[in-house]
Every structure is written in structure tokens, then in C-alpha cells.
2 protein chains.
Amino acid sequence: MKNRQILLAARPSGAVDESHFKLVESDIPRAGDGEFVVRAHYLSLDPYMRGRMDDAKSYAAKAELNDVMVGAAVGEVIESRNDKFRVGDFVQTRSGWQEYGVSDGSGVRKVDANHVPLSAYLGAVGMPGVTAWIGLNEHGKPKAGETVVVSAASGAVGSAVGQLAKLKGCRAVGIAGGKAKCDYVVNELGFDACVDYKAGNLDAALATACPKGIDIYFDNVGGAILDAVLNHVNAFSRIPLCGQISGYNDPSVLAIKNMRSFLVNRIALRGFIVSDHMDLWRPALAELAQLVHDGKLKYRETIAQGLENAPKAFIGLLKGANFGKQLVKLI
Amino acid sequence: MKNRQILLAARPSGAVDESHFKLVESDIPRAGDGEFVVRAHYLSLDPYMRGRMDDAKSYAAKAELNDVMVGAAVGEVIESRNDKFRVGDFVQTRSGWQEYGVSDGSGVRKVDANHVPLSAYLGAVGMPGVTAWIGLNEHGKPKAGETVVVSAASGAVGSAVGQLAKLKGCRAVGIAGGKAKCDYVVNELGFDACVDYKAGNLDAALATACPKGIDIYFDNVGGAILDAVLNHVNAFSRIPLCGQISGYNDPSVLAIKNMRSFLVNRIALRGFIVSDHMDLWRPALAELAQLVHDGKLKYRETIAQGLENAPKAFIGLLKGANFGKQLVKLI
């Protein structure tokens, strides 16, 4: 029995391809004093990982060359020398792109796989769900009757943003790429409308979907979509910004022309990441778990099989090829 | 005896010139029931007036063609049929670009010309001072030891921002055009440093002036200066934005490239205008008046003589030709 790991083999300049990763075998780690070993069942793939691959200042430490790629996983404790984590416990860890990881427990939380499905702890009841909850509630401050627009609306974060906005009594409008995603967002997630940014004429489509203007724009993508939204926001609108996936390969496409809107409409734009608000994870997760359990917060997953397919799945994610939360199933 | 008024004669497309204004004579107005007549001593000229000249959606109603140009003034009540305002009272009004105005008292406040000079109620103890106070305190939330940068630093708003920041224990760094303004900002207003944006190499100059990065950028100008500042802001920095003078003639120059900084540094940008926060005027004005009285808040004025020179002075203001608060003396 061996562990398999995916290392960051090279830093991309522009688009990511499989040559930037390397699959290696190693011994399954053993737990030292106070440690435990987790066998991962699901690996999470998330857009933020693209930033970790660059040798640039960002909000978190970059991934190191020839180290295991960073990331979250859910799995089962298979060996333990730590009193708080027992063999058989299910946990969410940050063990990265590998099948077995060792931990001293820091940043690891136990999860209840009977209450909601294990994989949900990487999505709607995990970092993406908490991102949606914090961005909407803490920075967006929605009021009933307001219009909330979210980009990447069928994704792990966006799908939660719109459903949480609906629960607050808001009009929820998604932006997504292609008819299939837009249909899903409206028909299955219950958004009021969804704009297909690939269909052209984004400006007119936003005007039609948001007859009372936009009060909150939850931005996951940046660039041309943000610029278009700025033409439609209302006075005192809020823009929680937690992703810029349109510019991860080429930041120049993030340039914004409609800056005048920030003053004219007295916009509050707030860049944030979910780990800035650790105090809010507990209430957010409690609410999200209950909503998933009750069927009020739906989500969709795209699941790649086997660690060896993680790079290809990640590259697809960066191009929007996934539909909902992108996972890699390891068992 | 006649009243003289300056009307908006035409809307500019691009730069303002004197053909956009028209000086006319009219009868001095009489006070109707509940009204009073003010003879203006000083007319205020402010960058926001450029926005009023356009036929575009903005945060306040546009000026109407062939109406008196909008604006604030200070002067003396010379006739009154209003119990609250008596002949001889000094007041700040919004009577616009004219020598005599009539009012029912709405939006008019009495001022004490013995306590601080009358003209200060249009600058440090008026709208510009309150703009500085609200933007810095309410949106900037300065903490001692932080670095506060402000553009248009020798102007009516900017000069107050830096001095208020110093009183909060911050490092105050100005951005201004030319050596004379920069010297004034440092030597007379007491800023720690001032960057001359006309000297070239803004990026290096900001790095030198802000060795610990920028925590608050109070933006009066937008455009290339904001873009440069975004390279130097710290995590969790705040950008109160209340002016975009660099783009008032041509909004395309307001485009911003460094959007990635908003996410990486989790910036809170907030567009605001001073009239959004009427509840804060009273405490702000009380503090500003005391500081001016005590010599702790200094200001400089550029004073044009006579209403007929208001258009030329305003055109100069838009080009940065003024030094400190731009006024027109009418008596």
C-alpha cells in the first residue's frame, strides 16, 4: 500500500496545463505523537488554487514547487495518536492533493456524515458555502425586496448565494455560461432569473433580468462582467468580491472602465476571503448544514474519479467546464 | 442696485470654457412670507459642480440650462420675513452663483463669523471639511500608526484629511501637483510627506513616502493615481472615494487596471458624498470649528474677485490651478 500525491511541478505563466503537476508515490505517513492519519475520500478543487500556483503576493502563502498541491479534503481517520481524533472519525482537513495525510489537528474539523453527505462538507456546508454566507450577509447585508446578482451562479459559491438571497426575500439573479447552467439555476435552484454571459449583449440581459436595478452584486469572476454590472447598480449598492476567475491567467482582463459608478452610486465594494472571518464559520456552518438537511439549500457536484484525474478536472474548472462543485473521488 | 447672476448657458462635452456660462443682471429679489434675502460675501467653487453641468445621472440633480449655477455661499441677511433668520445674521446658503439670493431657510445654517473667519464656512468648517471628516472617520476608520494617503492634498478636502489623520496619530502622506503645493503640504500643514504626481515615477515615490504601505487612501481624483496607489495598499486597507476630478471631462481616463489588489488585499472601497451623512454634520462641524479656532487645522484660500471672474476661477480649479480652497469674493 502506497500513498499517491500530486506535486506542483512548475509554475504556469498564463493557462495551466498538466505539465505543471506531477503524480508521485510515497509511503503512507505514520502518526507521530499527537498526530493522526486521514485517508481522503474526496478532494476539493477550487478556483483559489490557481493563485497558489503563482509566485506572487496574494492573501495566502503560495504553494511551493515540488510540494503537494494545497487543498481541502474530507476523509476518515485511520490511525491516531491524538486524543481528540479517533480512528473512524470523519474529518475535513487541508491535507492537499494526496490520498493519505497526517495532521496534528490544527484546522481540522470533525464532520457528521449521517446528517449531510460527506462531500457536502467541501461545498455547501464547507468553505464555498461559508464564503457565500459571509459575503452575502456580512458584506452584502441583504434586505427583503432587494435584487441580488451573483456570477458563476451554478458554482459552489454562486449557487449558495442565490438560494440564501431567496431565503432573505430578495430577487436572485444568476450569471452563468450557457443555457444548461442557466436553466439549472432557475429551474432547480429557484433563482428568479439567470443571464447567460456567453449569449452576448450582457448589458441588455442584465437590464431585463433586473428591472429594479442591482442592490448587491456578489462577484466571483471580475473583469467584463463586473464592468457590465456597474452600469446597472443602484445607489448604495454593495459588491462583495471574493473571486476574479476571469483574470487568474491574465490579470489585465480584470481592468474596469465604469469606475464613475462607484462615486455616482456610492458603492461599497469589499474584497474578502472566507478565512478573514473565522469567527463566523460556526454560525454559518450550523445554518448551512440545517438548510442542506432540510432540502432548502441544493447543490450539484461534478466528480472526477481518482487522484490522477485531479489536474485535468482542475484545468476544466478554470475554464468553467464543471457544473456545480468540482470534486475528486479518491475511494 | 441690481443682482448679478451666472447662468449655465450650455453643457460642456469635455473641457469647460467660459462659453458655457452667461452673466446676467436681474432685480434684487424680495423676501416673500417666511423668506429672507442674503447678500453673498463669498461664493464657493468646488469640483463637484462639474458633474452638475452634465446631462447625466449622478448623485444629485443636474443644473438646468439657463438657471443660476448651483453652489454654496456665505453672506449676510439683508431682509427677512422669517422668524428664525434676522437682518444682520451671517449664514451659509446654497444660493448659487449670484450676488443676492432668496431662501425659506431650508438647508441654510447660521454661522459665527467671530469664532472663525466667514470664508472658512465654505472650506475647513463647511462641506469640504465635513467631507474630509466623514470620509476619514466613517469610512477610513484610522488607527494610530497607520499610513493615510490623500490626493489633491493641498485642496480644501485633502488638506483637512491629512491634518485630521495626523491628529489621530497616523502617518499622513499627500499627493499634489508641483513642488510648491508639496512643500506647503509638508511644511505648513505638517504632513509627513507629499508626492508630486507631476514629477513622474509615481510608483517609486509612493513606495518611498509609504515605507509601511498604505492603510487608507482618501481618493479625490481617481484614474492613474488610484491605479498606482493600488500597488501599495496593505491588507484590509480602506479607500473612501469622494471625487474623480481626473475624469470629470473624460470618464475613460478613470479606468483601473490593478483590480486584483481589491481581492488580494481585501480592500474596502466606498464611494460617498457628504450629503449622504447629514446626521454627522453637527459633530463634524463642531470639531472642525474648534480645530480651526485653535490653529490646529490650517487651510489656504485662492480668492477670485468679483462674480464675473467665477467661470475663469472654476475652469482653473478643474485644472488644479487653485491652491487650497477656491473662493470668489463678491463684496
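Look up: the structure comes first, before these words.
All figures in this text were calculated on a predicted structure; none of them were measured in a lab.

**So, the overall build of chain A**
- A count of helices and strands for chain A gives nine helices and 15 strands.
- For a compact globule of 331 residues, the expected C-alpha radius of gyration is about 20 Å, and chain A comes in at 20 Å, within 12% of that figure.
- Considering chain A as a whole, with its 331 residues, one finds that 59% of them fall into the buried category.
- Sequence separation of at least 24 residues holds for 67% of the intrachain contacts in chain A that already meet a minimum separation of 6.
- Surface exposure of chain A reaches about 13200 Å², of which carbon and sulfur atoms provide 50%.

**Structural notes on the state of the cysteines**
Residue and element names in this part refer to chain B.
- One pass over the structure, following the stated rule, counts zero disulfides over all chains.
- Take Cys194: it sits in no disulfide, and the sulfur closest to it among the cysteines is that of Cys182, at 3.3 Å.
- Under the relative-accessibility criterion, Cys194 is labelled buried at 18%.

**Examining the interface of chain B and chain A**
- If you look at the interface, chain B gives 32 residues, while chain A gives 32 residues.
- In this assembly, chain B packs against chain A so that about 2700 Å² is buried in total across both faces, 60% of it on carbon and sulfur atoms.
- The interface formed by chain B and chain A holds two salt bridges in total.
- Between Arg266(B) and Asp276(A) there is a salt bridge, and its shortest N-O distance comes to 2.8 Å.
- Linking chain B with chain A are eight residue pairs in polar contact (both at pLDDT 80 or more).
- Secondary structure elements with two or more residues in the side of chain B that touches chain A: β12 (233–241), α7 (260–264) and β13 (268–271) of chain B.
- Considering only residue class, the side of chain B that touches chain A consists of 21 nonpolar, five polar and six charged.
- Bridge analysis of strand β13 (residues 268–271) of chain A against β13(B) gives three bridges, and the strand direction is antiparallel. What sits directly across from Arg270(A), in β13(B), is Ala268(B).

**Section: helix α8 (residues 281–293) of chain A**
All names here are of chain A.
- Compared with the 18 Å implied by 1.5 Å per residue over 13 residues, the 18 Å span of α8 between its first and last C-alpha is a close match.
- Every buried residue belonging to α8 is among Trp281, Ala284, Leu285, Leu288, Ala289, Leu291 and Val292, and all of these are buried. End-on, the buried residues of α8 take up no more than an arc of 165 degrees, which puts them together on one face.
- Elements in contact with the buried residues of α8: β7 (109–110), α2 (127–140) and α3 (156–167).
- Looking one or two residues beyond α8, the residue adopting positive phi is Gly295, at roughly 75 degrees.

**Re the pairing of strand β9 (residues 171–176) of chain A**
All names here are of chain A.
- Extensive coverage of β9 is indicated by the burial of five of its six residues.
- One ladder, built from five bridges, connects strand β8 (residues 147–151) with β9; its direction is parallel. Bridged to Val148 within β9 is Ala172.
- In terms of handedness, the path from β8 via α3 over to β9 forms a crossover that is right-handed.

Reading the values: the criteria
Residues numbered from 1 in each chain as written. Chains lettered and ligands numbered in written order. Predicted model: local features only at pLDDT ≥ 70, side-chain atom pairs only at ≥ 80, totals over all residues. Heavy atoms only, no water. Helix = DSSP H or I, 4+ residues; strand = E, 2+ residues; numbered from the N terminus. Rg over C-alpha atoms; globule rule 2.2 N^0.38 Å. Buried < 20%, exposed > 50% of the residue type's maximum accessible area, 1.4 Å probe, protein only. Contact = heavy atoms within 4.5 Å. Areas by Shrake-Rupley, 256 points an atom, 1.4 Å probe, with all protein chains shown as cover. Disulfide = S-S within 2.5 Å. Buried area = accessible area lost by both parts, 1.4 Å probe. Salt bridge = Lys/Arg side-chain N within 4 Å of Asp/Glu carboxyl O. Polar contact = N/O pair within 3.5 Å; in protein donor to acceptor, adjacent residues only side chain to side chain. Nonpolar A, V, L, I, M, F, W, Y, C, P; charged D, E, K, R; others polar. Pairing = 2+ DSSP bridges. Expected span 1.5 Å × (residues − 1). Arc of directions from axis to C-beta. Right-handed = clockwise from strand over helix to strand, strands pointing away.

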